[in-house]
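Chain by chain, the residues run as shown.
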Amino acid sequence: MIPYRHEINQQLLKVADAVLLGFAFWISHFLRYNDMIILDGLVEIGPFPDFLWILAVVVPFGPFLLDLQGFYNHPNERTAGRTLQQIASAGVWLFVILGAAVIFLRLQVPSRSVLIIFAMLGPALLLLRERLQVSFYRRSLQSGAIGERVIFAGEPASMEKLLEGFTPVQKLETRVVEAVNLAENDTEALVEALHRHSVGRVVLAF
């Protein structure tokens, strides 16, 4: 159940980031179109429909390239610096794809300013989204609002070894509410633990 839920969350984040990148690109055009930021020598640029082919590349390929860099894996264990490295790597490949489209499909980039602004705004929004997600997730874990409640039962060494084998995602989403040492206690202790806690499962380790 946990890996499946994690996969669903990843897919939702990819959709959210596709929308976020599309919004960042639209804002970039808005800023240049209204002469708020000018980084090229053009007097004026065309309307947003002139840039739709770029948007058609950014929206689907952006999250795909981020995924290839591991951007959606374990964000809670990653620093902001590592996140920016992954975004930068994905961004390089995205601009390679755009460059290939210009060369081989003979498409035009109506304004370099829009791309430069997007290259700064897009990563900033992605980083902000991730940091907010991580902050919310950690607060939810601390409050007990999320995470599967489990009871561990068995020998202490076996329970410790089993925990060490958990993946980072499983460790984050699993809340061990009590560990029952069956080497020193009988099954009655486990029954009492079940009465004390409302748990999703009991994990036996021998």
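It should be noted that the structure appears before, not after, this text.
Parameters at a glance
- Residues numbered from 1 in each chain as written.
- Predicted model: local features only at pLDDT ≥ 70, side-chain atom pairs only at ≥ 80, totals over all residues.
- Heavy atoms only, no water.
- Axes fitted to C-alpha atoms, helices over the stretch in contact; angles between N-to-C directions.
- Helix = DSSP H or I, 4+ residues; strand = E, 2+ residues; numbered from the N terminus.
- Left-handed = near helix turned anticlockwise from the far one by under 90°.
- Contact = heavy atoms within 4.5 Å.
- Nonpolar A, V, L, I, M, F, W, Y, C, P; charged D, E, K, R; others polar.
- Pairing = 2+ DSSP bridges.
- Expected span 1.5 Å × (residues − 1).
- Bend = angle between axes of the 7 residues up to and from the residue.
- Buried < 20%, exposed > 50% of the residue type's maximum accessible area, 1.4 Å probe, protein only.
- Phe/Tyr/Trp six-rings, centres within 6.5 Å; stacked < 30°, edge-to-face > 60°.
- Polar contact = N/O pair within 3.5 Å; in protein donor to acceptor, adjacent residues only side chain to side chain.

Draft legend 1. Geometry of the packing of helix H2 (residues 52-68) against helix H3 (residues 80-104). Packing of H2 against H3 leaves a shortest axis separation of 10 Å and a crossing angle of 145 degrees. For H2 against H3, the interelement crossing comes out right-handed. Judged by residue contacts, Trp 53, Ile 54, Val 57, Val 58, Phe 61, Leu 65 and Leu 66 of H2 engage Gln 86, Ile 87, Ala 90, Trp 93, Leu 94, Ile 97, Leu 98, Ala 101 and Val 102 from H3. For the contact of H2 with H3, the per-class residue count stands at 15 nonpolar, one polar and no charged.

Draft legend 2. The sheet that holds strand E3 (residues 201-205), seen in detail. One open sheet accounts for three strands, arranged E2-E1-E3; its pairing is parallel. In the strand order of this sheet, the two ends are held by strand E2 (174-181) and E3, each with one partner. Recorded for the sheet is a direction-independent mean angle of 25 degrees between the axes of neighbouring strands. With five bridges connecting them, strand E1 (residues 148-154) and E3 associate as parallel partners. Paired with Ile 151 across the two strands is Val 202, which belongs to E3. This element, helix H5 (residues 156-164), spans E1, E2 and E3 of the sheet and lies at about 140 degrees to E1. Sitting on the sheet, helix H7 (residues 187-196) is in contact with E1, E2 and E3, with an inclination near 150 degrees to E2.

Draft legend 3. Fine view of H2. With 17 residues, H2 extends 24 Å between its outermost C-alpha atoms, agreeing within 8% with the 24 Å of an ideal straight helix rising 1.5 Å per residue. At Phe 61, H2 is deflected by roughly 35 degrees, the largest bend along its length, and proline Pro 63 occurs up to four residues later in sequence. Every buried residue of H2 is listed here: Trp 53, Ile 54, Leu 55, Val 57, Val 58, Gly 62, Pro 63, Leu 65 and Leu 66. Positive phi appears at Gly 70, one or two residues downstream of H2, with a value of about 80 degrees.

Draft legend 4. View of the packing of aromatic side chains. This model, assessed by the stated rule, comprises seven aromatic pairs. Here Phe 23 and Trp 26 contribute two aromatic rings whose centre-to-centre distance is 6.4 Å and whose plane-to-plane angle is 25 degrees, an arrangement assigned as stacked. Residue Phe 23 and its partner Trp 26 are located together in helix H1 (residues 2-33), separated by three residues, close to a single helical turn. Accessibility expressed as a relative area gives 45% for Phe 23, which makes it partly exposed. Residues Phe 71 and Tyr 72 carry aromatic rings whose centres are separated by 5.1 Å and whose planes lie at 85 degrees to one another, so their mutual orientation is edge-to-face. Residues Phe 71 and Tyr 72 agree in their burial class; the two are buried. Taken together through their ring pairs, the aromatic side chains of Phe 25, Phe 48, Phe 51 and Phe 118 make up a single cluster.

Draft legend 5. Broad picture of helix H4 (residues 112-143). For H4, with 32 residues, the first-to-last C-alpha span of 47 Å sits near the 46 Å given by 1.5 Å per residue. Along H4, the helix axis deviates most sharply at Phe 118, where the bend reaches about 25 degrees. By the N-cap criterion, in which a side-chain oxygen at the helix start approaches the backbone nitrogen of a residue two or three places on, H4 is capped by Ser 111, the distance to Ser 113 being 3.2 Å.

The quantities given are spatial measurements derived from coordinates; they are silent on function.
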